[in-house]
Amino acid sequence: MEYKVHDLSKIAGVSTRTLRYYDEIGILHPRGTTEAGYRLYGAAEIDRLQEILFYRELGVGLEEIRKILDSKDFDREKSLKGHLDALLKKQEELGILIQTVKKTISTLKGEKTMRDQEKFEGFKKEMLEENEAQYGTEIREKYGEEAVEASNKKFMSLSKEQFKEAEDVQNEFAKALKEALATGDPAGELAQEACELHKKWLSFFAKYSKEYHKGLADMYMADERFKAYYDKIADGACAFFHDAIMIYCQK
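Residue numbers here run from 1 along each chain, matching the order of that chain's written sequence. With the structure being a predicted model, the display of local features is reserved for residues of pLDDT at least 70 and the display and counting of side-chain atom pairs for 80 or more, all residues being used for whole-chain, interface and lining totals. Heavy atoms from the whole structure form the basis of all side-chain values; hydrogens and water molecules are not counted.

A. Representation of the side chain of aspartate 23. Think of it this way: any DSSP run of H or I at least four residues long counts as a helix, any run of E at least two long counts as a strand, and we number them from the N terminus. Inspection of the secondary structure puts aspartate 23 in helix α2 (residues 16-25). For this analysis, a polar contact is any N or O atom pair within 3.5 Å, provided that within protein one partner can donate a hydrogen and the other can accept it, and provided that sequence-adjacent residues contribute only side-chain to side-chain pairs. Here the side chain of aspartate 23 touches histidine 29 through a polar contact of 2.7 Å, side chain to side chain. Contacts are assigned to residue pairs with any non-hydrogen atoms lying within 4.5 Å of each other. Ignoring sequence-local partners within four residues, the contact set of aspartate 23 consists of Leu28, His29, Pro30 and Arg39.

B. Representation of the side chain of glutamate 45 within the structure. Looking at where glutamate 45 falls in the secondary structure, it is placed in helix α3 (residues 43-57). A 1.4 Å probe rolled over the protein chains alone gives each residue an accessible area, and that area as a share of the maximum for its type sets the label: buried under 20%, exposed over 50%, partly exposed in between. Counting rule applied: Lys, Arg positive; Asp, Glu negative; His and chain ends not counted. Whenever a carboxyl oxygen of Asp or Glu lies within 4 Å of a side-chain nitrogen of Lys or Arg, that contact is scored as a salt bridge. The buried charged residue glutamate 45 lacks any salt bridge partner; its closest oppositely charged side chain belongs to arginine 31, at an N-O distance of 4.6 Å. Other than its neighbours up to four places away in sequence, glutamate 45 contacts Leu28, His29, Pro30 and Arg31.

C. Here's a closer look at the packing of α3 against helix α4 (residues 62-70). Orientation of α3 relative to α4, taken along the N-to-C sense of each, is 135 degrees, at an axis distance of 10 Å. By the angle between their axes, α3 is oblique relative to α4. Here α3 and α4 pass one another in a crossing that is right-handed. Counting all contacts with α3, which are made through Arg48, Glu51, Ile52, Tyr55 and Arg56, the residues of α4 involved are Leu62, Ile65, Arg66, Ile68, Leu69 and Asp70. Its residues placed into classes, the contact of α3 with α4 shows six nonpolar, no polar and five charged. Lines fitted to C-alpha atoms define the axes, with helix axes restricted to the stretch in contact, and inter-axis angles between N-to-C directions lie between 0 and 180 degrees. Oblique is the label for any angle not covered by the other classes, which are roughly parallel (under 35 degrees), roughly antiparallel (over 145) and roughly perpendicular (65 to 115). Left-handed describes a crossing whose near helix is turned anticlockwise from the far helix through less than a right angle; right-handed describes the clockwise counterpart. Side-chain classes are defined by residue name, with Ala, Val, Leu, Ile, Met, Phe, Trp, Tyr, Cys and Pro counting as nonpolar, Asp, Glu, Lys and Arg as charged, and the others, Gly among them, as polar.

D. A look at a negative patch on the surface. Here a patch means residues that are over 30% exposed by relative accessible area and free of salt bridges, tied together within 9 Å if like-charged and within 5 Å if nonpolar (Val, Leu, Ile, Met, Phe, Trp, Tyr). The Shrake-Rupley method, run with a 1.4 Å probe, gives the accessible areas here. Residue values count only the displayed protein chains as cover. Throughout, a charge is located at the NZ atom of Lys, the CZ atom of Arg, the CG atom of Asp or the CD atom of Glu. A cluster of acidic residues, Glu172, Glu179, Glu189, Glu193 and Glu196, forms a negative patch at the surface. Among the elements of the structure, α8 (160-183) and α9 (189-202) are those that each provide at least two residues to the negative patch. In terms of residue count, α9 provides more of the negative patch than any other element does, three residues in total. You can see glutamate 179 is positioned in helix α8. For glutamate 179, a relative accessible area of 40% puts it in the partly exposed group.

E. Representation of helix α12 (residues 237-248). Between the first and last residue of a helix there are one fewer steps than residues, each counted as 1.5 Å, and that sum is the expected span. With twelve residues, α12 extends 16 Å from end C-alpha to end C-alpha; this agrees with the ideal 16 Å at 1.5 Å per step. Buried residues of α12: Ala237, Cys238, Phe240, Phe241, His242, Ala244, Ile245, Met246 and Tyr248, and no others. Looking at the packing, one finds that the buried side of α12 touches α8, α9, α10 (210-222) and α11 (224-231).

F. Highlighting the packing of aromatic side chains. Any two rings among Phe, Tyr and Trp, with Trp reduced to its six-membered ring, count as a pair given centres within 6.5 Å; such a pair is stacked if its planes are under 30 degrees apart, edge-to-face if over 60, and tilted if neither. One pass over the structure, following the stated rule, counts nine aromatic pairs. Measuring from centroid to centroid gives 5.1 Å for tryptophan 201 and phenylalanine 205, while their planes differ by 70 degrees, and the two rings are edge-to-face. Looking at phenylalanine 205, the relative accessible area reads 15%, which means it is buried.

G. Just the sheet that holds strand β2 (residues 32-33), in detail. If DSSP finds at least two bridges between two strands, the strands pair. With antiparallel pairing, the three strands of this open sheet are ordered in space as β1-β3-β2. Only two strands of the sheet have a single partner each, and these edge strands are β1 (3-4) and β2. Direction of pairing for β1 relative to strand β3 (residues 39-41): antiparallel, over a ladder of two bridges. Within β3, the position partnered with lysine 4 by the bridge is leucine 40.

Right under this line is the structure:
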């Protein structure tokens, strides 16, 4: 069965403007046009649109989606299984948040009491899932499944006070790193203070060692996502911080 833009817009829940834009940027072309010039979409285009919408729901950018779908190695069944796994994780995450809200409402009504740690379980789980989606593969390859799972377990066990303290240390670290960068000396007092704060922050989530710290520094430089994160603090912060950590870990 074939659909015109207006009809496909209705069944897919996207605007006609979106479909036309997808055609313009080359991510979803119609299979042809009518004599009157209306775009026509068939079964293959509908399947591709479904894939696009799945990936968009998972936060993937349009250019990245186009590369994935146009890859000669693209496997639709494998892709759908990947979507299912991601959505099930999100479902689990939302389930925890829903239970947290329900418990909070019951607590406000005086029907039950709620431990402070319970109030933050859903949010910590959400943060963990986001971090896993972004960096899970790289971290597991570098440190192994057992180390990552131990770190995740430690993170989930943080109390409200510990979680707040970790956030405060992270903010203090960012400020110290920015000030240290202005000195241009990775061996200087300010730079080494920033490394000490980073060590303190890491210790909230993992068993600290100098080898672990140096390994992270190398990964920050090797991965553009980590590099971009630190360079948001200030231009050149990642390379400077890498050098500072190497010096710090020699002590």
